[in-house]
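# Chain and residue survey
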Amino acid sequence: MLINIPKKFDLNESHVTDEPIYHERRRLLKQMGFLGAGALMSSAIANNAKAGFFSDDEAPFQTRTLTYSKDPFNQTLIKTPEKKVISHNNFYEFGSKKDQPAELAQSFKVEPWQLKISGECDHPITLDYDDLTKLFPLEERIYRLRCVEAWSMVIPWIGFSLASLLKKVAPNSRANYVAFETLYDPKQMPGQANRRLGGGIKYPYVEGLRIDEAMNPLTLMSVGLYGKTLPPQNGAPIRLVVPWKYGFKSIKSIVGIKLVEHKPSTTWKKLAPKEYGFYANVNPNHDHPRWSQASERRITSGGLFTRNRIATLPFNGYSEEVADLYRGMNLSKHF
Ligand SMILES: Nc1nc2c(c(=O)[nH]1)N[C@H]1C(S)=C(S)[C@@H](COP(=O)(O)O)O[C@H]1N2
Ligand SMILES: [Mo]
């Protein structure tokens, strides 16, 4: 999704980073104060590191076990291993390379947290950290996640439907859209403090849905994955998951949800409107201007160079649940 660096890097989302580039990145981050003295380790070690490897100022983020009901429908999907789900990420606030969020988000503070739900509704509320996991019964949802960059995973999320949260605030008749906003905190998020590291995005990261998309039962507010609270690289303490849309709609570390009358602006559409639309429904028949969307690389338990090309499904395989939302719409125009 990088658009401010040469094209050939876009689909080259290999985990392997050239050593000199890696060390230059680390030097810059250290200078900026984002890495402690103990942080000069290879990324291979960092990814596999256990608590003992870290110095005090970069103690790894602690997740905790959640209580939830199992997904009654999708237990037969082959899940992407947890260690890949939490080490191959897009979270530009912590760097635009796939391995950076897992490394640079370890000291991210999610307590206290406030999530404000406001706008065109009768009962606006602000949730605090404990509310996020206690206000609603938590459910597991095993969903496919398809990134617009043509890789995909299967992730066992834990959370509650956005619909149950929105019902609580009682949207009024002017609530046509829902706007979402990620935390803005350049002191904690190095990508917000450094334009190059942050991929040229204007922060805070913002997203949006039509109200009927937001109310669809598949649309999830996720507070966890693989049985535990979210690690920071996956959007702790709460993020959106919209499984029939490209991954960039699934905004992380949300502090604001606002019911609005008019279509809100969205981060990637602002940055490159010809490449990324508001709808961003997974669509094998509508190619990205720079690559095909007909197939994807499923990230599984195989090694780095495992071939795992599979056909991309319309609406990421969720047509039965969501195709009706778009009846009569030209999906190539509204991409
Ligand atoms: N705030 C914020 N949310 C974000 C992103 C981001 O850079 N910043 N990246 C998006 C993209 S492009 C994808 S594919 C998914 C990746 O989610 P994951 O790292 O949990 O797999 O998060 C999305 N949410
Ligand atoms: Mo993505």
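The structure under discussion appears in the preceding block.
Residues numbered from 1 in each chain as written. Chains lettered and ligands numbered in written order. Predicted model: local features only at pLDDT ≥ 70, side-chain atom pairs only at ≥ 80, totals over all residues. Heavy atoms only, no water.

### A closer look at the nonpolar core
In this structure, Leu162, Leu165, Phe180, Met221, Leu240, Trp244 and Ile257 are the most contacted members of the largest nonpolar core, which totals 80 residues. Considering each element in turn, this core owes the most residues, 6 residues, to strand β4 (residues 151-161). Apart from the residues lying within four places of it in its own chain, the contact partners of Met221 are Ile158, Gly159, Phe160, Leu162, Leu165, Ile238, Arg239, Leu240, Ile254 and Ile257. (Core = buried A, V, L, I, M, F, W, Y, C linked by side-chain atoms within 4.5 Å. Buried < 20%, exposed > 50% of the residue type's maximum accessible area, 1.4 Å probe, protein only. Helix = DSSP H or I, 4+ residues; strand = E, 2+ residues; numbered from the N terminus. Contact = heavy atoms within 4.5 Å.)

### Re the pattern of salt bridges
Note that side chains of opposite charge can pair when their charged atoms are close. One pass over the full model with this rule turns up 11 salt bridges. Across the pair Lys98 and Glu149 runs a salt bridge, and its minimum N-O distance is 3.2 Å. One end of the pair, Lys98, is in the loop between α3 (82-85) and α4 (100-104); the other, Glu149, is in the loop between β3 (139-146) and β4, with 51 residues separating them in the sequence. Residue Glu149 is classed as buried on the basis of its relative accessible area, which comes to 3%. Of the charged contacts, one joins Lys245 and Glu213 as a salt bridge, the two residues approaching to 2.7 Å between their closest N and O atoms. Placement of the pair is Lys245 in the loop between β9 (239-241) and β10 (254-260) and Glu213 in helix α8 (residues 211-215), with a sequence separation of 32 residues. The pair Lys245 / Glu213 is uniform in exposure class, with both members buried. Residues joined by salt bridges that share partners form a network here, namely Arg146, Glu296 and Arg298. (Salt bridge = Lys/Arg side-chain N within 4 Å of Asp/Glu carboxyl O.)

### A word on helix α6 (residues 162-169)
It helps to recall that an α-helix has 3.6 residues per turn; residues three or four apart then point in one direction. Considered for burial, the residues of α6 that qualify are Leu162, Ala163, Leu165, Leu166 and Val169. End-on view of α6: buried residues confined to an arc of 160°, all on one side of the axis. Immediately downstream of α6, the backbone of Ala170 shows phi near 55°, a positive value. (Arc of directions from axis to C-beta.)

### Considering the sheet that holds strand β1 (residues 114-119)
Ordered in space as β2-β1-β10-β5-β6, the 5 strands form an open sheet in which the pairing is mixed. What marks the edges here is a single partner per strand, and that holds for β2 (125-128) and β6 (206-210). For this sheet the average axis-to-axis angle between neighbouring strands, irrespective of direction, equals 15°. Alignment of β1 against β10, held across 4 bridges, turns out to be parallel. Bridged to Ile117 within β10 is Ile257. (Pairing = 2+ DSSP bridges. Axes fitted to C-alpha atoms, helices over the stretch in contact; angles between N-to-C directions.)

### Quick word on the site of ligand 1
Ligand 1 sits among 18 residues. The nearest are Asn89, Tyr92, Glu93, Ser250 and Lys252. Glu93 places a side-chain nitrogen or oxygen 2.8 Å from a nitrogen atom of ligand 1. A distance of 2.9 Å is found between a nitrogen atom of ligand 1 and a backbone nitrogen or oxygen belonging to Ser250. Contact with the protein chains covers 100% of the free accessible surface of ligand 1, which is 540 Å². Using a 2 Å cut-off from the grid points, one finds that ligand 1 occupies the largest cavity. Among the residues forming the shell around ligand 1, the class breakdown is 9 nonpolar, 6 polar and 3 charged. (Near = heavy atom within 4 Å. Polar contact = N/O pair within 3.5 Å; in protein donor to acceptor, adjacent residues only side chain to side chain. Areas by Shrake-Rupley, 256 points an atom, 1.4 Å probe, with all protein chains shown as cover. 1 Å grid on protein atoms, 1.4 Å probe; cavity = no way out; pocket = protein on both sides within 12 Å on 5 of 7 lines; lining within 4 Å. Sits in = over half its atoms within 2 Å of the grid points. Nonpolar A, V, L, I, M, F, W, Y, C, P; charged D, E, K, R; others polar.)

### A few points about the side chain of Thr312
Mapped onto the elements of the fold, Thr312 is located in the loop between β12 (309-311) and α10 (319-322). In terms of polar contacts, Thr312 uses its side chain to reach the side chain of Arg146, at 3.1 Å. Among residues more than four places away in sequence, those in contact with Thr312 are Arg146, Val282, Pro284, Gln293, Ala294, Ser295 and Glu296.

### Side note on the pairing of β2
When β1 meets β2, the two strands line up antiparallel, connected through 4 bridges. Paired with Leu115 across the two strands is Leu127, which belongs to β2. The antiparallel hairpin formed by β1 and β2 contains 5 residues in its connecting segment.

### A few points about unusual backbone geometry
Residues Glu111 and Pro112 are joined by a peptide bond in cis, for which omega reads 0°. One can find Pro112 in the loop between α4 and β1. For the bond running from Ala236 to Pro237, omega is -5°, close enough to zero to count as cis. Phi angles above zero are rare outside glycine, and Ser253 is one such case at about 45°. Relative to the assigned elements, Ser253 resides in the loop between β9 and β10.

### Section: empty space enclosed by the protein
One pass over the structure, following the stated rule, counts 2 cavities of 30 Å³ or more. Reported here for the largest cavity is a volume of approximately 340 Å³. Taken together, 25 residues form the lining of the largest cavity, with Asn90, Phe91, Arg239, Gly247 and Lys252 sitting closest to its centre. Looking at which element gives the most residues to the lining of the largest cavity, the answer is β4, with 4 residues. When its residues are assigned to classes, the lining of the largest cavity shows 15 nonpolar, 7 polar and 3 charged. (Points joined across faces, edges and corners; volume = space filled by probe spheres on them.)

### Digging into the environment of Thr312
For Thr312, a relative accessible area of 5% corresponds to the buried category. Each C-alpha atom, one on Thr312 and one on Pro284, is 5.6 Å from the other, the two residues being 28 residues apart in sequence. At 3.5 Å, the side chain of Thr312 forms a polar contact with the backbone oxygen of Gln293. Within the local environment of Thr312, its side chain forms a polar contact with the side chain of Glu296, the two groups lying 2.6 Å apart.

So far we have only geometry, and geometry alone does not tell us how the molecule works.
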